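Results of the structural survey
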Amino acid sequence: MANQDDQFKKVISHAKEYGYVFQSSEIYDGLSAVYDYAQNGVELKKNIRDYWWKAMVQMNENIVGLDAAIFMHPTTWKASGHVDAFNDPLIDNKDSKKRYRADVLIEDYCAKIETKIEKEVKKAEKRFGEAFNKAEFISTNGRVVGYQEKINTILSRMGKSLENEDLADVKALIEELEIACPLSGSKNWTDVKQFNLMFGTKLGASAESAMDLYLRPETAQGIFVNFLNVQKTGRMKIPFGIAQTGKAFRNEIVARQFIFRMREFEQMEMQFFIKPGTQKEWYEHWKETRLKWHLSLGMGQDNYRFHDHEKLAHYADAAADIEFKFPFGFKELEGIHSRTDFDLSQHEKFSGKKLQYFDHEENKSYVPYVLETSIGLDRMFLAVFSNALQEEALENGTTRTVLKLPSVLAPVKAAILPLVKKDGLPEVAKEILEDLKWDFNVIYDEKDAVGRRYRRQDANGTPFCITVDHDTLEDQSVTIRHRDSMEQERVKISDLKAIIKSEVEVRTWLKKMK
Ligand code: ATP
């Protein structure tokens, strides 16, 4: 655990030191769970957003984009169920006065049991060597099976209690499991209460005419209320999707995991409108497609897993998370939800307008079913960034800090470095910079010895360093150094663009989805 904490602290301090993420309003001691993206962070975030947008919108003829406003008519949130049901169960510890999400306390308890399973697996792996069959071991080893049954029993009871709004049983479960406050060790808990996560605000100048509004807690509703406008003007035929990226706001009860759980964050969502009865196939299709998108970035197959929901949200008939191995363990990165016709039917009811699709093949109208994929951009940022940050032992006995970002996402694609600050080398380096910047985000760096500049770019996540030396003046060639392998090769200046392009362009990476 201490190791995980240390690794996470390193991630946070590296994100600040290299201009990726700053605490919001830092000079006023910050604002809890709100963060700003700095010069490198904003580029990484934009590149992740673009990578998602291209995969979802550009590569799919039947998916189009939308940018709906953050403010929406307040009835939207009555219809969607958020006013009545967008709650988290909170519990306070009477001694430490700390507030927790009751479900998270229970999930963390289960995560600890899971760590025990992992330990047993590691031990057995050592014992059996090459003959080890992990799947068989997990399904037959008495101790592991016992642990897994315990987890299943706990989560299924919690799921049922939350679904039935039986908050007394959620508290009883916490007490039976003897869960203590992680800060104080105290088991002196208050009752569990529901807490609505929406931020309220007002629209209008005078107190009498002002209207109560909410900051949207998800981008999805902007898509639902525009469903018919887009379908008609875009002449879309079912099945089709509408994709949107944008800010969402939630007054999270506990928010202390850096950009994992923020009060203001960005979502990338796609609602896919389908014929009723086909939701099972589409659910499987989008689970698989979205996992492929993640895997295309090469961040390690073992770092992902699906988690099927026990407790379904009020709108869903099936739901799964794609979980990622963050520095603090496996947690939700993306949700795939089969939302049925809940949202469109509710908006029909509350607005009095028909939100139906006329199916020419079937010669009838119906309210489409919806399959949703929903991923947090900031959470994806944290996944990419924390996975990339590595301390690497080198052959010469030293270590280097390297940020092995997928090069398609890296903020800066190449640094151009004159070996020395004289003899006409800076001029040539700047000429290269001037040419490459039409196509890529590139920088010029002449300060310090070249070895130190390489290290700086490694830590910054820059995939290529291009060094101009005295030979360059003779042979129009430069040394290109690859961040991950540290290999260097001599190439013609005229080939640089093609070399960089083939490695960083979206085509190269997205093709891996196939
Ligand atoms: P959690 O269980 O972690 O609170 P959720 O199930 O409420 O998440 P959804 O409503 O399904 O999340 O939202 C879709 C995605 O939006 C999540 O998979 C996550 O990536 C992102 N997300 C949700 N809440 C936050 C937040 N507070 N900060 C950052 N990202 C978030």
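Residues numbered from 1 in each chain as written. Predicted model: local features only at pLDDT ≥ 70, side-chain atom pairs only at ≥ 80, totals over all residues. Heavy atoms only, no water.

With that out of the way, let us pick up the overall build of the protein chain. Each helix and strand counted, the protein chain has 18 helices and 23 strands in total. A compact globule built from 514 residues would reach a C-alpha radius of gyration of about 24 Å, and the protein chain, at 26 Å, matches this within 12%. Overall, the C-alpha framework of the protein chain stretches about 75 × 60 × 55 Å when taken along its three principal axes. Sorting the 514 residues of the protein chain into buried and exposed places 49% on the buried side. Put simply, of all contacts in the protein chain between residues at least 6 apart along the chain, 66% involve residues at least 24 apart. Taken together, the 75 basic and 81 acidic charged side chains of the protein chain have centroids lying 2 Å from each other. (Helix = DSSP H or I, 4+ residues; strand = E, 2+ residues; numbered from the N terminus. Rg over C-alpha atoms; globule rule 2.2 N^0.38 Å. Buried < 20%, exposed > 50% of the residue type's maximum accessible area, 1.4 Å probe, protein only. Contact = heavy atoms within 4.5 Å. Lys, Arg positive; Asp, Glu negative; His and termini not counted. Charge placed at Lys NZ, Arg CZ, Asp CG, Glu CD.)

Structurally, the protein chain comprises domain 1 (1-71 + 216-394), domain 2 (87-196) and domain 3 (412-513). One C-alpha centre belongs to domain 1, the other to domain 3, and the line joining them spans 34 Å. Each partner contributes residues to the interface: domain 1 has 16 residues there, and domain 3 has 13 residues. With both chains or domains summed, domain 1 and domain 3 bury close to 1300 Å², and 61% of this area falls on carbon and sulfur atoms. Three residues, Tyr18, Tyr51 and Ser296, lead the burial of domain 1 against domain 3; their summed loss comes to 34% of the area buried on that side. Viewed at the interface, domain 3 and domain 1 are joined by 5 residue pairs in polar contact (both at pLDDT 80 or more). Secondary-structure elements contributing two or more residues to the side of domain 1 that touches domain 3 are α2 (39-58) and α11 (279-295). For the side of domain 1 that touches domain 3, the element with the highest residue contribution is α2, accounting for 6 residues. Partitioned by chemical class, the residues of the side of domain 1 that touches domain 3 number 8 nonpolar, 5 polar and 3 charged. (Domains from an automatic or database assignment. Buried area = accessible area lost by both parts, 1.4 Å probe. Polar contact = N/O pair within 3.5 Å; in protein donor to acceptor, adjacent residues only side chain to side chain. Nonpolar A, V, L, I, M, F, W, Y, C, P; charged D, E, K, R; others polar.)

Right, let's talk about the site of the ligand for a bit. In the vicinity of the ligand there are 17 residues, among which Glu252, Arg261, Met262, Glu332 and Leu333 approach most closely. With respect to the ligand, the side chain of glutamine 267 contributes an N or O atom lying 3.5 Å from an oxygen atom. The contact in question runs from an oxygen atom of the ligand to an N or O atom on the backbone of glycine 376, over 2.9 Å. Relative to its unbound accessible area of 590 Å², the ligand is 87% covered by the protein chains. For the shell around the ligand, the secondary structure elements donating two or more residues are β10 (264-274), β13 (329-340) and β16 (369-376). Per element, the largest residue contribution to the shell around the ligand is 5 residues, and it comes from β13. A class-by-class count of the residues in the shell around the ligand yields 5 nonpolar, 5 polar and 7 charged. (Near = heavy atom within 4 Å. Areas by Shrake-Rupley, 256 points an atom, 1.4 Å probe, with all protein chains shown as cover.)

Attention shifts here to the pairing of strand β21 (residues 464-468). Within β21, 5 of the 5 residues are buried, which leaves the element mostly enclosed by the surrounding structure. A two-sided burial pattern is seen for β21, the buried positions comprising Phe464, Ile466 and Val468 on one face and Cys465 and Thr467 on the other. Two elements, strand β19 (residues 414-418) and β21, share 5 bridges in a ladder whose sense is parallel. Of the residues in β21, the one forming a bridge with alanine 414 is phenylalanine 464. By the bridge criterion, 4 bridges tie β21 to strand β22 (residues 477-482) in an arrangement that is antiparallel. (Pairing = 2+ DSSP bridges.)

Let's shift gears to the packing of aromatic side chains. Here the structure, examined in full by the defined rule, presents 24 aromatic pairs. Ring plane angle 80° and centroid distance 5.1 Å describe the contact between tyrosine 35 and phenylalanine 258, whose orientation is recorded as edge-to-face. A residue pair is termed long-range when its members are at least 10 positions apart, and tyrosine 35 in strand β2 (residues 35-37) and phenylalanine 258 in the loop between β9 (240-249) and β10 qualify at 223 residues. Owing to a relative accessible area of 7%, phenylalanine 258 belongs among the buried residues under this scheme. Judged by centre distance (6.3 Å) and plane angle (50°), the ring pair of tryptophan 52 and tryptophan 53 falls under tilted. An aromatic cluster of three or more residues is present, and its members are Phe8, Tyr35, Phe258, Phe260, Tyr304, Phe324, Phe326 and Phe328. Of note, arginine 379 hangs over the ring of phenylalanine 260, and the distance from its end group to the ring centre comes to 3.7 Å. (Phe/Tyr/Trp six-rings, centres within 6.5 Å; stacked < 30°, edge-to-face > 60°. Lys NZ or Arg CZ within 6 Å of the ring centre and 35° of its normal.)

Moving on, we come to the pattern of salt bridges. All told, the structure shown has 43 salt bridges when counted by the stated rule. Linking glutamate 120 and arginine 143 is a salt bridge whose minimum nitrogen-to-oxygen distance equals 3.3 Å. Pair noted here: glutamate 120 is in helix α5 (residues 102-128) and arginine 143 is in helix α7 (residues 142-163), with a separation of 23 residues, a long-range link. A salt bridge links aspartate 308 to lysine 287; the shortest N-O distance between them is 3.5 Å. In this pair, aspartate 308 sits in strand β11 (residues 304-308) while lysine 287 sits in helix α11, placing the two residues 21 residues apart along the sequence. Connected through shared salt-bridge partners, Glu392, Arg400, Lys404, Arg455, Asp458 and Arg481 make up one network. (Salt bridge = Lys/Arg side-chain N within 4 Å of Asp/Glu carboxyl O.)

Negative phi values dominate among residues other than glycine, just as trans dominates among peptide bonds. The omega torsion of the bond from isoleucine 238 to proline 239 falls at 5°, within 30 degrees of zero and hence cis. Position of proline 239 among the secondary structure elements: in the loop between α10 (227-233) and β9. Phi is positive for glutamate 165, close to 55°, though the residue is something other than glycine. Structurally, the position occupied by glutamate 165 is in the loop between α7 and α8 (167-176). The backbone phi angle of aspartate 423 is positive, close to 60°, even though this residue is not glycine. As for its position among the elements, aspartate 423 is in the loop between β19 and α14 (425-436). A relative accessible area of 44% places aspartate 423 in the partly exposed class.

This paragraph deals with the pairing of strand β23 (residues 488-492). Strand direction decides the pairing type here: β22 and β23, joined by 5 bridges, are antiparallel. Each residue of the ladder has a partner; that of arginine 481, found in β23, is glutamine 488. Between the antiparallel neighbours β22 and β23 lie 5 residues, among them methionine 486 with a positive phi of about 60°.

Structurally, arginine 216 is set in the loop between β8 (211-214) and α9 (220-225). One buried charged residue, arginine 216, forms no salt bridge at all, with the nearest opposite charge on aspartate 67 at 5.4 Å. Here lysine 247 takes part through its backbone oxygen, which lies 2.6 Å from a polar atom of the side chain of arginine 216. In this structure arginine 216 touches Ala68, Ala69, Ile70, Trp77, Gln244, Gly246, Lys247, Ala248 and Phe249, once residues within four positions along its chain are discounted.

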